[in-house]
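# Descriptive structure summary
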Amino acid sequence: MTSDVLIVGGGLEGVAAAWSLAQHGVSVTVLERETVGSGGTGKSSGIVRCHYGVPSLAAMAWKGTQLFENAVEILGDEIGFTQTGYVVGVGSQNVDALKANLEVQAGVGIATGLVGHDEVAEWWPSARLDDFAAFGYEPRGGYGDAYQTAQAFAGAARRGGVTIRQNTPVGSLLVAGDKIEGVRLRDGSTVTAGTVVLAAGPWSVALAAEVGVDLPIRAMREQILLIDPGTDVGPVPVFSDLVSLQYVRSETGGKLLFGNSDLSQPEWADPDAYRNRAEGAFMERTADRLAHRFPGLDGAGFAGGYAGCYDVTPDFNPIISATPVTGLIVAAGFSGHGYKIAPAVGELVADLVIEGASRDALVPERDFRLERFTEGDLLQSQHPYVGAGEMR
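What counts as what
Residues numbered from 1 in each chain as written. Predicted model: local features only at pLDDT ≥ 70, side-chain atom pairs only at ≥ 80, totals over all residues. Heavy atoms only, no water. Buried < 20%, exposed > 50% of the residue type's maximum accessible area, 1.4 Å probe, protein only. Helix = DSSP H or I, 4+ residues; strand = E, 2+ residues; numbered from the N terminus. Pairing = 2+ DSSP bridges. Axes fitted to C-alpha atoms, helices over the stretch in contact; angles between N-to-C directions. Salt bridge = Lys/Arg side-chain N within 4 Å of Asp/Glu carboxyl O. Contact = heavy atoms within 4.5 Å. Core = buried A, V, L, I, M, F, W, Y, C linked by side-chain atoms within 4.5 Å. Polar contact = N/O pair within 3.5 Å; in protein donor to acceptor, adjacent residues only side chain to side chain. Expected span 1.5 Å × (residues − 1).

On to the pairing of strand β12 (residues 195-198). Taking every second residue as pointing to the same face, both faces of β12 are buried, with Thr 195 and Val 197 on one and Val 196 and Leu 198 on the other. Direction of pairing for strand β1 (residues 5-8) relative to β12: parallel, over a ladder of four bridges. Considered in β12, the bridge of Val 5 is made with Thr 195. Pairing of β12 with strand β20 (residues 328-332), which is carried by three bridges, proceeds in the parallel orientation. Looking across to β20, one finds that Leu 198 is bridged to Val 330.

In space, the three strands of this open sheet follow the order β9-β10-β11, with antiparallel pairing throughout. With one partner strand each, in any of the chains shown, β9 (170-176) and β11 (190-192) form the two edges of the open sheet. Going from strand to strand, the sheet's axes swing by 30° on average, the running direction of each strand aside. Here β9 pairs with strand β10 (residues 179-185) via six bridges, running antiparallel. Residue Ala 176 lies in a different strand from β10, and its bridge partner there is Lys 179.

This next bit is on the pattern of salt bridges. Counted according to the given criterion, the structure contains 18 salt bridges. We note a salt bridge from Asp 360 to Lys 63, for which the minimum N-O separation is 2.5 Å. Taken as a pair, Asp 360 in the loop between α9 (338-354) and α10 (372-375) and Lys 63 in helix α2 (residues 55-69) lie far apart in primary sequence, 297 residues in all. The exposure class of Asp 360 is buried, given its relative accessible area of 18%. A residue is classified by how much of its surface remains accessible, and Lys 63, at 24% relative accessible area, is partly exposed.

For the rest of this paragraph, the subject is the sheet that holds strand β8 (residues 163-165). Strand order in the open sheet formed by six strands is β8-β2-β1-β12-β20-β19, and the pairing between neighbours is mixed. Bordering the open sheet on either side are β8 and β19 (319-322), each of which pairs with just one other strand. Across the sheet, the axes of successive neighbouring strands diverge by a mean angle of 15°, strand direction being ignored. Set on the sheet, helix α1 (residues 12-23) makes contact with β1, β2 (28-31) and β8; between it and β1 the angle comes to about 165°.

Moving on: the nonpolar core. Ile 7, Val 28, Met 60 and Ile 320 are the most contacted members of the largest nonpolar core, which totals 59 residues. Counting only elements with at least two residues in this core, the list comes to β1, α1, β2, α2, α3 (71-75), α6 (146-159), β20 and α9. Element by element, the count of residues in this core is highest for α9, at nine residues. Those residues within four positions of Val 28 in sequence are excluded, and the remaining contacts are Ser 3, Val 5, Ile 7, Ala 18, Leu 21, Gly 161, Val 162 and Thr 163. Core analysis: the next-biggest nonpolar cluster, separate from the first, contains 26 residues, Leu 31, Leu 173, Ala 193 and Ala 332 among them.

Moving on, we come to the pairing of strand β4 (residues 86-90). Within β4, five of the five residues are buried, leaving the element largely enclosed by the surrounding structure. Of the two faces of β4, the one carrying Tyr 86, Val 88 and Val 90 and the one carrying Val 87 and Gly 89 are both buried. As paired strands, β4 and strand β6 (residues 134-138) are joined by five bridges and run antiparallel to one another. Paired with Val 90 across the bridge in β6 is Ala 134. The pairing of β4 with strand β14 (residues 238-241) spans four bridges and is parallel. Bridge pairing in β14 places Tyr 86 opposite Val 238.

Turning to the environment of Ser 3, a few remarks are in order. In this structure, Ser 3 sits in the segment before β1. Since its relative accessible area comes to 10%, Ser 3 is described here as buried. Along the sequence, Ser 3 and Val 162 sit 159 residues apart, while their C-alpha atoms lie 9.0 Å from each other. With sequence-adjacent residues up to four places away left out, Ser 3 is seen in contact with Ser 27, Val 28, Thr 29, Thr 192 and Ala 193. At a separation of 2.6 Å, a polar atom in the side chain of Ser 3 contacts the side chain of Thr 29.

The end-to-end C-alpha separation of α2 is 21 Å, in line with the 21 Å expected for 15 residues at 1.5 Å each. For α2, the tally of buried residues reaches 11 of 15 residues, placing the bulk of the element in the interior. The set of residues buried in α2 consists of Ser 56, Leu 57, Ala 58, Ala 59, Met 60, Ala 61, Trp 62, Gly 64, Thr 65, Leu 67 and Phe 68.

Rendered as structure tokens:
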């Protein structure tokens, strides 16, 4: 069986791209080394928010939010999306940036705005809020299940004619001159196609390097903790705390999920050999932050934890781009943003394959081009937050 497009990687971005291409009548085969969503997708914390200082990323996240709200109708399956709302709190040094970012987001149609301490106190009565100077709020934010979302995209893609070959690791890319011809699988067989989309997260780097394409992507280990709050906190909004540099959301069984927003000292890792559990130093730091931010949860205790890897670029933004090899497109380096923007990533990949450019003026392909790193023209927030600029 031959296809117009091969997608290397069956994570969320790969299957979202496959589904989008199928919507345009393109024949697609996805090659996944293990099973759909078994890589970085399965470790995602699944936050849904549009709070970015990069307009194109904000617009992409807004597209994602709207699809997630209608996933059953669009994809035919549940994705675990829980629309709790999303609140971000900043200290005094970041108030101007917050207000400017909210204007950027409103400019691309996002429902967002300032809220007061009293409103946040109603949502999070257990929280200490006196060291926040201002809050932004998205009523349509929340969180989803990245693994379940990948399965939904994969199911919809299959119904659209996409072939997904699991347990099919790719060994190398096939190139003739400066043009892609397909891939060689690790079993020695080949699969040919005129277009290959490399969507294999940090594993994209070695495959691209063999055909002369340098992807500045590294794997960065991050830890997540699950907390038993000791009480029923109710349907609280996702809370992005840019004072303590952490984020908190609800989890199944009444637990809370705590993640880190301080990426100033990244822990680089081997994505095939990293410690996949939360460790003592991180637990101690989270305990201190928990005690400071949520003094009302005096009966809280640890309920588990794990670690995963982001695929990170130098500007902490993705590469969604054509390459010097004709027919080779990269969609990798999502740097923690991948879940919320996945539907728009699929759409942009489809545009690059079919048209060679984005069809959405709010999401210019130039923003995500590979060449920006050698050109020194990094994609960065127009209004970065002190202490958390990488993630905004």
